[in-house]
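# Descriptive structure summary
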Amino acid sequence: MQMSADTIFALSSGRPPAAIAVVRVSGPAAGAALQALIGKIPAPRQAALARVRDPASGEMIDEGLALWFPGPRSETGEDTAELQMHGGRAVIAGVLAALARVPGCRPAEAGEFTRRAFENGRLDLTRVEGLADLVGADTEAQRRQAFRQMRGALGDRAETWRTQLIEALALVEARIDFPDEGDVPENLIAPALAKAQELRDEIANTLADQRRGERLREGLVVAIAGPPNAGKSSLLNRIARRDAAIVSPFAGTTRDVIEVHLDLDGSPVTFLDTAGIRDSTDPVEQEGVRRARERAAAADLVLWVMDSSASGEIAGEAIAQEFPNNAKWIVWNKIDLVSALRIKSLKSIVHKLNYPSYFISALTESGFGEFLEVLRGHAQEFLGSTEPALVTRTRHRYALENAVAALERALNEPAAREDVVAEELRLAGRALGRLTGRVDVEDVLDVIFRDFCIGK
Ligand code: GDP
């Protein structure tokens, strides 16, 4: 099934220069493109040596490998060609320019290959999402979850449920269509409702997962906040063990939120350095502050960093005001600058504050190891067991909740009226169809493919 007249091409491998570059071509003119560039079409699915020539000048651009995947048994479902060349910028530019000259060929948009795979029925929507997550996976557990989803763990389950729903619906519709006919048994509605009950329980069971899948996919989001110069960026650097944030002796130089994605012993954790959070009159800085606030407000945990050596009030109320809905820890930094007595008195103060408190030095690493250990444990606990979950996005949860709600309405229909039950079963099936992208797909497609890169 070839849905698009255009043939698309793009660099599908990473940023050049690199050892190898992979350029993919998909669409009806993919074969013609191979003919034009390498003068032949290799045997299907077998690598062949390819001398790539510019079709206009005849000059050889590079030597590499070519692969030919005739549709519909290709990733996109269309005729697809793949060129593997040396990953130099000029080589890639030359090949892309040559492809642009092949009639019917144009550069692909972000996610367009995958979009065609979806449109040609090669991937359902949950598999597309799994593919996006696989590309974005930072940790082993995230990879495992994404891979399962790409292989259809959720999509196939939803399709099975939908098929069972259609069977139940057929029973009810038989009663509606032939209400008086003797050979249609009276009690068709009872087995249909039994099936609905079974499905309701099974889907509800899938949803009762403490949001494990969504949590693993997103990771633990930790905002690092607190007054300027307390050492937020230094702490983040210490955690990341690389120069991810700007450490500066001047207040407020980190204008924007800096995000650092880390694999903390297998737990995906995103740190937000919100060093810019403070009032400012500079419009650029104000925008940074606004974004920082917004991101931090949704964090799963706030590390409120304080300078142990600074005099002034303990910001107990400020923390509660700024982060009313988050778990909060206070990190007393710069303990290398203060006396043991000062630490002792701080400890007695924070005792009353009711936030877990840690005393560290981002500079000397004193207390830092213990602190990181607690943070690791927290991340592990937050992300829950490693038992795989099927639901990995709010979109999935929403669709399944809608299906459960419709099934419950069908089950609670007091008189078990066939037309009402049938309508609710239809709605439940529709919710499942939306999950896999069988129905009502238009409004979600753009959102999903927006996350893809060009060449995917
Ligand atoms: P931020 O504004 O909260 O991000 O603070 P920075 O991380 O930029 O740190 C402000 C200043 O404090 C810098 O000069 C750091 O080198 C210094 N600093 C950070 N942590 C420590 C620490 O544990 N001990 C000492 N002595 N200085 C620190």
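The model shown is predicted, which means the values in this text are computed figures rather than measured ones.

Definitions and limits used
Residues numbered from 1 in each chain as written. Predicted model: local features only at pLDDT ≥ 70, side-chain atom pairs only at ≥ 80, totals over all residues. Heavy atoms only, no water. Helix = DSSP H or I, 4+ residues; strand = E, 2+ residues; numbered from the N terminus. Contact = heavy atoms within 4.5 Å. Areas by Shrake-Rupley, 256 points an atom, 1.4 Å probe, with all protein chains shown as cover. Near = heavy atom within 4 Å. Polar contact = N/O pair within 3.5 Å; in protein donor to acceptor, adjacent residues only side chain to side chain. Nonpolar A, V, L, I, M, F, W, Y, C, P; charged D, E, K, R; others polar. Core = buried A, V, L, I, M, F, W, Y, C linked by side-chain atoms within 4.5 Å. Buried < 20%, exposed > 50% of the residue type's maximum accessible area, 1.4 Å probe, protein only. Expected span 1.5 Å × (residues − 1). pLDDT = per-residue confidence, 0-100. Salt bridge = Lys/Arg side-chain N within 4 Å of Asp/Glu carboxyl O. Axes fitted to C-alpha atoms, helices over the stretch in contact; angles between N-to-C directions. Parallel < 35°, antiparallel > 145°, perpendicular 65-115°, else oblique. Pairing = 2+ DSSP bridges.

## A look at the overall build of the chain
Counting secondary structure elements, the chain contains 16 helices and 12 strands. Considering only contacts in the chain between residues 6 or more positions apart, those separated by 24 or more positions represent 68%. If you sum the accessible surface of the chain, you get close to 22100 Å²; carbon and sulfur atoms cover 52% of it.

## Some details on the site of the ligand
Near the ligand lie 18 residues; those nearest to it are N229, K232, S233, S234 and D336. Between the ligand and S361, the relevant distance is 3.1 Å, taken from an oxygen atom to a side-chain nitrogen or oxygen of the residue. When residues in the shell around the ligand are grouped by element, the largest group, 3 residues, is from helix 9 (residues 232–240). Of the residues contributing to the shell around the ligand, the split by class is 8 nonpolar, 7 polar and 3 charged.

## Topic: unusual backbone geometry
The peptide bond linking P16 to P17 adopts the cis configuration, its omega dihedral lying at 0°. With respect to the helices and strands, P17 occurs in the loop between strand 1 (7–11) and strand 2 (18–26). Going from G71 to P72, the amide bond is cis rather than trans, its omega being 0°. Inspection of the secondary structure assignment puts P72 in the loop between strand 4 (60–69) and strand 5 (80–87).

## Description of the nonpolar core
Formed by 30 residues in total, the largest nonpolar core has its most connected members in L165, V172, I203, L400, L407, V421 and L425. Sorting the residues of this core by element identifies helix 6 (153–177), helix 7 (189–207), helix 14 (394–412) and helix 15 (418–436) as the ones contributing at least two each. If near-sequence neighbours (up to four positions away) are discounted, L407 is found in contact with L165, A196, L199, R200, I203, L425 and A428. If you look at the next biggest cluster of nonpolar residues, it comprises 28 residues, including L220, L236, F271 and W329.

## What about helix 4 (residues 125–136)?
Given 3.6 residues to a turn, an α-helix orients residues that are three or four positions apart in the same direction. The end-to-end C-alpha distance of helix 4 is 17 Å, a good match for the 16 Å that 12 residues give at a rise of 1.5 Å each. Of all 12 residues in helix 4, 9 are buried, a share of seventy percent or more. Looking at helix 4, one finds that the buried residues are L125, T126, R127, V128, E129, G130, L131, A132 and D133.

## So, the confidence of the model for the chain
For any part of a model where pLDDT is low, the fine detail of the predicted coordinates should not be relied upon. With 90% of its residues at a pLDDT of at least 70, the chain reaches an overall mean of 88. Overall, residues 243–255 carries pLDDT values under 50, and its contacts beyond four positions in sequence, including any with other chains, amount to 35 contacts.

## Quick word on the environment of D201
Of note, D201 is situated in helix 7. Residue classification places D201 among the partly exposed residues on the basis of a relative accessible area of 36%. Sequence-wise, D201 and E408 are 207 residues apart; in three dimensions their C-alpha atoms are separated by 9.9 Å.

## Describing the environment of A389
Considering the arrangement of structural elements, one finds A389 in the loop between helix 13 (368–383) and helix 14. Placed 179 residues apart in sequence, A389 and Q210 show a C-alpha to C-alpha distance of 9.5 Å. Contact partners of A389, with chain neighbours within four places excluded, come to Q145, R148, D209, R212 and G213.

## Details of the pattern of salt bridges
Per the stated rule, a full pass over the model turns up 32 salt bridges. A salt bridge links R397 to D209, with the nearest nitrogen and oxygen atoms 2.8 Å apart. In this pair, R397 sits in helix 14 while D209 sits in the loop between helix 7 and helix 8 (212–218), placing the two residues 188 residues apart along the sequence. A single burial state applies to R397 and to D209, both of which are buried.

## Side note on the packing of helix 9 against helix 13
At a minimum axis separation of 12 Å, helix 9 and helix 13 run at an interaxial angle of 75°. By the criterion of interaxial angle, the relationship of helix 9 to helix 13 is roughly perpendicular. Residues L235, R238 and I239 of helix 9 lie in contact with helix 13, whose contacting residues are F368, F371 and L372. Per-class residue counts for the contact of helix 9 with helix 13 are 5 nonpolar, no polar and 1 charged.

## Details of the sheet that holds strand 4
Strands sit in the order 3-4-5-2-1-6 across an open sheet of 6 strands; the sheet is mixed. Strand pairing shows two members of the sheet lacking a second neighbour, strand 3 (48–53) and strand 6 (105–107), which therefore form its edges. The sheet shows a mean angle of 30° between the axes of neighbouring strands, direction not considered. In this structure, strand 1 lies alongside strand 6, joined through 3 bridges in parallel fashion. Residue T7 lies in a different strand from strand 6, and its bridge partner there is C105.

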